[in-house]
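A look at the structure
Each chain, letter by letter, is given below.
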Amino acid sequence: MAQQPIFRILLLALLTILPNLSTAQQQLSPALPLHASSRWILDANNQRVKFRCVNWAGHQEANIPEGLDKQPVSYIVDWIRRQGFNCVRLTYSTDHALNPSVKVSDSFVQAASAAGVSVSDTTRLYTNVVSKNPEFGGNTTTRDVFASVVDTLWSAGIFTILDNHVSKASWCCNLTDGNGWWDEGFGYNTWNSRFFKTQDWLKGLKEMAIWSKSHPGVVGMSLRNEIRAFLLQDLNGRADWYKFIKQGGDIVHANNKDVLVVVGGVQSSTDLVHLRDGNRMLDISGWGREKHVWEMHAYSFTVNFPDPFQNCDLVKAQYGLYSGFVLEQGKPYTGPMILSEFGVGMTGGSEKGLVPQDSRYLNCLVDYMSGNDADWAVWALQGTYYIRDGRVDADENWGLMDHDWKDWRNKEFPGMLKGMWKVTQGPSKRR
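Residues numbered from 1 in each chain as written. Predicted model: local features only at pLDDT ≥ 70, side-chain atom pairs only at ≥ 80, totals over all residues. Heavy atoms only, no water.

Let us now look at the overall build of the protein. When helices and strands are tallied, the protein shows 14 helices and 12 strands. Judged by the C-alpha coordinates and their principal axes, the protein covers about 85 × 55 × 50 Å. Per-residue burial over the protein gives 55% buried out of 431 residues. Summarising the internal contacts of the protein: among those between residues at least 6 apart in sequence, 75% fall at separations of at least 24. With an accessible surface of roughly 17,300 Å², the protein has 54% of that area assigned to carbon and sulfur atoms. Of the charged side chains in the protein, 43 are positive and 44 negative; the average position of the first set lies 5 Å away from that of the second. (Helix = DSSP H or I, 4+ residues; strand = E, 2+ residues; numbered from the N terminus. Buried < 20%, exposed > 50% of the residue type's maximum accessible area, 1.4 Å probe, protein only. Contact = heavy atoms within 4.5 Å. Areas by Shrake-Rupley, 256 points an atom, 1.4 Å probe, with all protein chains shown as cover. Lys, Arg positive; Asp, Glu negative; His and termini not counted. Charge placed at Lys NZ, Arg CZ, Asp CG, Glu CD.)

Have a look at this one:
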């Protein structure tokens with residue numbers, strides 16, 4: 001009985017402290033919505049936000065984010081947070097955007113025929129998903145899963161950038177997968193455009209923009225992943241790119257004025273030279289400079305960034321020539337640029353697990369990105385895929401996480417990014 005007053009005092013003190021802790025935590029998070037100013041991404045208080053993202057694939061046949069057969073959403077999100085990432089580039093298909101009410105159980109059944117594997121295999125995958133994430137059983141839809149992932153990320157202080165990766169849910173990318181160029185564009189061919197239905201793409205962007213309004217963690221939407229022409233396509237002075245990108249950006253902003261509109265160039269998000277050499281800026285009046293962000297991809301095998309002489313200075317010059325020039329301030333095209341895909345095979349090589357070509361490429365890219373203090377998203381989080389190229393539980397050697405989605409596949413890798421983690425430039429230094 002003598003301890004009761006002390007207990008009450010402690011309880012009252014705790015109740016007094018908790019609201020203050022909550023307020024302090026809110027103050028540490030960037031104020032939304034985000035916006036662009038010159039080449040920087042800023043929060044609502046005009047403090048810089050630097051995206052340090054990881055790609056998380058959700059665009060394949062099952063139409064939910066990968067890895068939920070291995071770990072609970074909460075475990076994966078906590079792992080992402082603990083490694084220092086503040087953002088996820090979450091990929092999705094137009095198939096998913098236009099069919100949000102498909103039950104997860106049905107989606108895995110449908111994935112079997114779509115991917116050419118047995119229903120027994122996909123049923124086993126679904127059973128594992130529900131075992132790790134019981135909330136995804138019953139009538140849970142694929143959109144419910146996306147909502148859970150996005151909201152859990154945001155509860156951990158992690159932003160989401162939605163990326164329309166493909167039209168037909170499947171692996172990406174090549175010049176014959178049917179997802180490369182708008183079907184209404186010049187020079188249609190079935191190999192590259194049979195699934196890229198322009199009007200469905202626009203409807204899908206609208207649906208995802210409307211949906212994202214209810215999920216504040218979604219701070220950006222990438223209009224399309226790796227736009228790429230084949231044969232006669234894009235022989236009309238980039239007219240298709242200017243036309244359809246404007247339409248997509250206009251639709252996104254009209255339906256969610258808070259999100260950043262993320263735009264990549266042609267040749268698989270590597271080439272924006274028409275902005276400079278053609279002296280013709282994209283018409284972004286529908287969303288404005290304050291919501292506009294560029295994106296770029298770079299791999300060791302990227303055609304536009306060859307390294308035949310093993311000369312990093314020449315490679316960095318190519319990065320700047322094709323896309324990085326948009327970071328130069330005071331130009332009509334100036335804006336933030338996210339290196340939204342880069343990566344390497346994580347094991348099997350002689351240089352801390354990397355093969356020499358990838359090690360050389362990564363060191364050079366890190367030097368370029370650190371010098372520019374630009375935003376980035378590494379490919380990729382997933383240690384496995386539900387299905388890839390007809391293989392069930394397919395391993396991803398480029399994945400940051402191991403096959404069981406427990407920890408780093410290569411514990412040396414985060415240190416290889418060196419200065420890319422740091423904020424060294426900008427109107428302010430934060431997050």
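If you walk through the whole model with that rule in mind, you get 24 aromatic pairs. A ring pair is formed by Trp-181 and Trp-182, whose centres lie 5.0 Å apart and whose planes are at 70 degrees; its orientation type is edge-to-face. Judged on exposure class, the residue Trp-181 and its partner Trp-182 are both buried. Taking the centre distance of 6.0 Å and the plane angle of 75 degrees together, the rings of Phe-196 and Trp-201 count as edge-to-face. Across the pair, Trp-201 and Phe-196 agree in class, each one buried. Site record: aromatic cluster; members linked through ring pairs are Trp-181, Trp-182, Phe-196, Trp-201 and Phe-244. For the cation-ring pair, Arg-280 lies above Tyr-242, with the distance from its terminal atom to the ring centre recorded as 4.0 Å. (Phe/Tyr/Trp six-rings, centres within 6.5 Å; stacked < 30°, edge-to-face > 60°. Lys NZ or Arg CZ within 6 Å of the ring centre and 35° of its normal.)

Further remarks concern unusual backbone geometry. The amide bond that connects Leu-32 to the next residue, Pro-33, takes the cis arrangement and shows omega of 0 degrees. Looking at the secondary structure, you find Pro-33 in the loop between α1 (4-28) and β1 (35-37). For the bond from Cys-172 to Cys-173, the omega torsion is 20 degrees, close enough to zero to count as cis. Relative to the elements of secondary structure, Cys-173 occurs in the loop between β5 (159-166) and α7 (190-193). Although it is not a glycine, Asn-46 adopts a positive phi angle of roughly 65 degrees. By secondary structure assignment, the location of Asn-46 is in the loop between β2 (40-42) and β3 (52-56). The partly exposed category is assigned to Asn-46, whose relative accessible area is 45%. Despite not being glycine, Trp-405 has its phi angle at roughly 55 degrees, a positive value. Summarising the element assignment, Trp-405 is placed in the loop between β12 (391-395) and α14 (413-416). We classify Trp-405 as buried; its relative accessible area is 0%.

To continue, consider a nonpolar patch on the surface. On the surface, Phe-186, Trp-191, Leu-231, Leu-232 and Leu-235 cluster together into a nonpolar patch covering about 560 Å² of accessible area. Relative to the assigned elements, Leu-232 resides in the loop between β6 (218-222) and α9 (239-255). (Patch = residues over 30% accessible without salt bridge, like charges linked within 9 Å, V, L, I, M, F, W, Y side chains within 5 Å. Salt bridge = Lys/Arg side-chain N within 4 Å of Asp/Glu carboxyl O.)

Bringing empty space enclosed by the protein into the picture now. Once rolled over the atoms, a probe with the size of a water molecule shows which space is left empty. Under the defined criterion, the tally for this structure stands at 1 cavity of 30 Å³ or more. Approximately 40 Å³ is the volume found for the largest cavity. Cys-53, Arg-89, Ile-161, Ser-222, Val-262, Glu-295, Ile-338, Ser-340 and Ala-377 together form the lining of the largest cavity. Here the residues of the lining of the largest cavity are counted per class, giving 5 nonpolar, 2 polar and 2 charged. (1 Å grid on protein atoms, 1.4 Å probe; cavity = no way out; pocket = protein on both sides within 12 Å on 5 of 7 lines; lining within 4 Å. Points joined across faces, edges and corners; volume = space filled by probe spheres on them. Nonpolar A, V, L, I, M, F, W, Y, C, P; charged D, E, K, R; others polar.)

This brings us to the nonpolar core. If you look at the biggest cluster of nonpolar residues, it comprises 103 residues, and the most contacted ones within it are Trp-56, Ile-80 and Trp-241. The greatest single-element share of this core, amounting to 7 residues, is contributed by helix α13 (residues 356-372). Not counting residues within four places of it along the chain, the set of residues in contact with Trp-241 comprises Trp-182, Ile-227, Lys-246, Val-263, Gly-264, Gly-265, Val-266, Leu-272, His-274, Leu-275, Leu-282 and Trp-294. Within the second largest apolar cluster, 14 residues are counted, among which are Phe-51, Cys-53, Phe-159 and Ile-338. (Core = buried A, V, L, I, M, F, W, Y, C linked by side-chain atoms within 4.5 Å.)

Relative to the helices and strands, His-35 resides in strand β1. Sequence separation between His-35 and Pro-336 is 301 residues; the distance between their C-alpha atoms is 10.0 Å. Apart from residues no more than four positions distant in its own chain, His-35 is found in contact with Trp-40, Ile-41, Leu-42, Asp-43, Asn-46, Leu-260 and Glu-290. At a separation of 3.3 Å, a polar atom in the side chain of His-35 contacts the main-chain carbonyl oxygen of Asp-43. (Polar contact = N/O pair within 3.5 Å; in protein donor to acceptor, adjacent residues only side chain to side chain.)

Of all residues in the protein, 93% have pLDDT values of 70 or greater, and the mean over the chain is 93. Every residue in residues 1-27 is under pLDDT 50, and counting partners more than four places away or in other chains gives 1 contact. (pLDDT = per-residue confidence, 0-100.)

In this section: helix α4 (residues 104-115). Its 12 residues give α4 an end-to-end C-alpha distance of 16 Å, which sits within 8% of 16 Å, the value for a rise of 1.5 Å per residue. Those residues of α4 lying buried are Val-104, Ser-105, Ser-107, Phe-108, Ala-111, Ala-112 and Ala-115. Down the axis of α4, the buried set is contained in an arc of 160 degrees. They therefore lie on one face. Those residues of α4 hidden inside the fold are in contact with α5 (119-132), α6 (142-155) and β11 (384-388). In the stretch just after α4, Gly-116 is the one whose phi turns positive, near 75 degrees. (Expected span 1.5 Å × (residues − 1). Arc of directions from axis to C-beta.)

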